[in-house]
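Coordinate analysis (summary)
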Amino acid sequence: MAELACKRCKFINVDTEVCVNCGSTELTKEWYGYLIIIDPEKSEIAKKLGITKPGKYALQVE
Ligand SMILES: [Zn+2]
């Protein structure tokens, strides 16, 4: 199972070559740390990062 972070929105995708969040094909294996957003509307971190969809996001993408 490969976890690839999107370079554009940092969404972590599993076993796909296209980001399911933004449709970008720029995915990378080189990412560090992650946060899980369960309820973007109630999360201050999600608002700060512009995240609107629940999921797992990389903190740092190379
Ligand atoms: Zn994306």
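Residues numbered from 1 in each chain as written. Predicted model: local features only at pLDDT ≥ 70, side-chain atom pairs only at ≥ 80, totals over all residues. Heavy atoms only, no water.

1. With respect to a nonpolar patch on the surface
Condition: Think of a patch as exposed residues, more than 30% relative accessible area, with no salt bridge, where like charges cluster within 9 Å and nonpolar side chains (Val, Leu, Ile, Met, Phe, Trp, Tyr) cluster within 5 Å. Each accessible area value is a Shrake-Rupley result obtained with a 1.4 Å probe; residue values ignore everything except the protein chains displayed when judging cover. Salt bridge, as applied in this entry: a Lys or Arg side-chain nitrogen positioned within 4 Å of an Asp or Glu carboxyl oxygen. Helix numbering and strand numbering both begin at the N terminus, where a helix is a DSSP run of H or I of at least 4 residues and a strand a DSSP run of E of at least 2. For every residue, the accessible area obtained with a 1.4 Å probe (protein chains only) is divided by the maximum for its type, and the residue is called buried under 20%, exposed over 50%, and partly exposed between those limits.
A contiguous nonpolar patch, built from Tyr34, Ile36 and Ile38 and spanning about 360 Å² of accessible area, is present on the exposed surface. For Ile38, the location among the structural elements is in the loop between β4 (31-37) and α1 (44-49). Exposure remark for Ile38: the relative accessible area of 71% places this residue in the exposed category.

2. Comments concerning the packing of aromatic side chains
Selection criterion: Only the six-membered ring of Trp is used, alongside the rings of Phe and Tyr, when aromatic pairs are assigned; centres must lie within 6.5 Å, and planes under 30 degrees apart are stacked while those over 60 apart are edge-to-face, with the rest tilted. Whether a charge sits over a ring comes down to the Lys NZ or Arg CZ being within 6 Å of the ring centre and within 35 degrees of the ring normal.
According to the stated counting rule, one finds 2 aromatic pairs in the structure shown. Taking 5.3 Å as the distance between ring centres and 80° as the angle between the ring planes, the aromatic pair formed by Phe11 and Tyr57 counts as edge-to-face. One end of the pair, Phe11, is in the loop between β1 (3-6) and β2 (12-14); the other, Tyr57, is in strand β5 (residues 55-61), and 46 residues separate them in sequence. Across the pair, Tyr57 and Phe11 agree in class, each one buried. One cation-aromatic arrangement involves Lys56 over Tyr34; the distance from NZ or CZ to the ring centre is 4.3 Å.

3. Observations concerning the environment of Gly50
Among the structural elements, Gly50 can be located in the loop between α1 and β5. Separated by 12 residues in the primary sequence, Gly50 and Ile38 have C-alpha atoms spaced 14 Å apart.

4. Section: the coordination of the zinc ion
Ideal geometry at a metal centre gives angles of 109.5 degrees when four donors are arranged tetrahedrally and 90 or 180 degrees when six donors are arranged octahedrally. Applicable threshold: For Na, K and Ca the donor cut-off is 3.2 Å, and for all other metals it is 2.8 Å, counting N, O and S atoms only; because water is absent from this set, sites may look incomplete. Tetrahedral means four donors with every angle between 85 and 135 degrees, whereas square planar (four donors) and octahedral (six donors) require angles over 155 degrees between opposite donors and between 65 and 115 for all others; sites fitting neither are termed irregular.
The protein atoms donating to the zinc ion are Cys6 (SG), Cys9 (SG), Cys19 (SG) and Cys22 (SG), with metal-donor distances spanning 2.3 Å. Around the zinc ion sit 4 donor atoms, and with donor-metal-donor angles ranging over 105 to 114° the site reads as tetrahedral. Accessibility expressed as a relative area gives 21% for Cys9, which makes it partly exposed. Residue classification places Cys22 among the partly exposed residues on the basis of a relative accessible area of 28%.

5. Some words on the UniProt feature "binding site: Zn(2+)" (unreviewed entry) in the protein chain
In plain terms, the rule: UniProt positions are given in the numbering used here, feature names are shortened, and annotations may be inferred rather than shown by experiment. Pairs of residues are marked as contacts when any of their non-hydrogen atoms sit within 4.5 Å.
Here, the residues flagged by UniProt with the feature "binding site: Zn(2+)" (unreviewed entry) are Cys6, Cys9, Cys19 and Cys22. In summary, the annotated positions, though distributed over 17 residues, converge in three dimensions, the widest C-alpha pair being only 8.7 Å. Looking at the secondary structure, you find Cys9 in the loop between β1 and β2. Residues within four places of Cys9 in sequence aside, it is in contact with Cys19, Asn21, Cys22 and Tyr57.

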